Each structure stands twice: as structure tokens, then as C-alpha cells.
Amino acid sequence: MAGKAKFYTVKMTNGDIYGIPAQVIAENYAKYFKGKNEKIYQEQYDCMMEMFDRKEYAFEDWARNEMNWDDVKDKAVLLRRCEVKVDFQECWINGDHGFLEVDVD
């Protein structure tokens with residue numbers, strides 16, 4: 001059965017955009033509340049996926065404030081690489097310039 005992949009996205013400082021499967025965040029949330037009760041796990045998982053579908057801030061809040069990059073990096077998918085085009089001549093003329101001395105052996 002075909003469906004849609006659901007990703008929570010983050011734009012990195014270099015412009016790359018990564019997608020974290022929404023299920024990874026929902027699983028983290030559900031595991032936190034589960035304890036030993038599988039019924040509660042499923043209820044919390046479903047609740048979180050519904051929040052994703054409604055684009056509720058609570059989903060983002062959990063991801064940003066209760067999880068770390070280390071929690072998701074192995075599941076992250078590079079969705080778009082930023083293609084930075086550099087005009088080297090423009091930078092040579094008008095870029096930030098400076099002086100640097102480095103010790104060499």
C-alpha cells in the first residue's frame with residue numbers, strides 16, 4: 001500500500017535540509033510515557049502522529065526540547081543539499097580580507 005512519508009525537517013546552518021521520520025519522534029515520545037504499558041505506548045504514539053498531521057507546535061516542541069541530534073542522526077535523511085555558488089572574483093575584490101602568520105616547521 002502506497003502512502004506518504006512524513007518528515008520533520010531541519011535546515012542546517014550551511015543550508016542543507018534534513019528530514020527526520022516523524023515516526024522516530026513519535027516513538028521517542030511514546031517510549032517516554034509507556035513504562036510497562038503497551039496500550040499507553042500506542043495511544044501516545046498515535047497522539048503524536050496526529051499532532052504531526054495537524055502541524056501542532058507540541059510535536060516540534062518535543063523534538064527540539066526533549067530530543068537531541070544524537071537521538072535522530074542515524075535516521076536523518078538529506079532531503080536537499082544547499083548548492084552554494086561562490087563568485088571567487090567578487091570575493092577577491094570585495095570579500096573579507098585579513099593577514100595571517102602561521103608557524104611552519
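Above this text is the structure in question.
Rules of the game
- Residues numbered from 1 in each chain as written.
- Predicted model: local features only at pLDDT ≥ 70, side-chain atom pairs only at ≥ 80, totals over all residues.
- Heavy atoms only, no water.
- Salt bridge = Lys/Arg side-chain N within 4 Å of Asp/Glu carboxyl O.
- Helix = DSSP H or I, 4+ residues; strand = E, 2+ residues; numbered from the N terminus.
- Buried < 20%, exposed > 50% of the residue type's maximum accessible area, 1.4 Å probe, protein only.

Colleague: Help me out: how do you make sense of the pattern of salt bridges in this one?
Modeller: Pairing between side chains of opposite charge can happen when the charged atoms of each approach one another. Considering all chains together, one arrives at six salt bridges under this definition. With a shortest N-O distance of 3.4 Å, D16 and R81 are connected by a salt bridge. Here D16, found in the loop between β1 (7-11) and β2 (17-21), pairs with R81, found in the loop between β3 (77-80) and α5 (88-94); they are 65 residues apart in sequence, far enough to count as distant. The buried category is assigned to D16, whose relative accessible area is 5%. Across the pair E50 and R54 runs a salt bridge, and its minimum N-O distance is 4.0 Å. By relative accessible area, E50 is classed as partly exposed at 42%. Bridged by salt links that share partners, the residues E50, R54 and E56 form one connected network.

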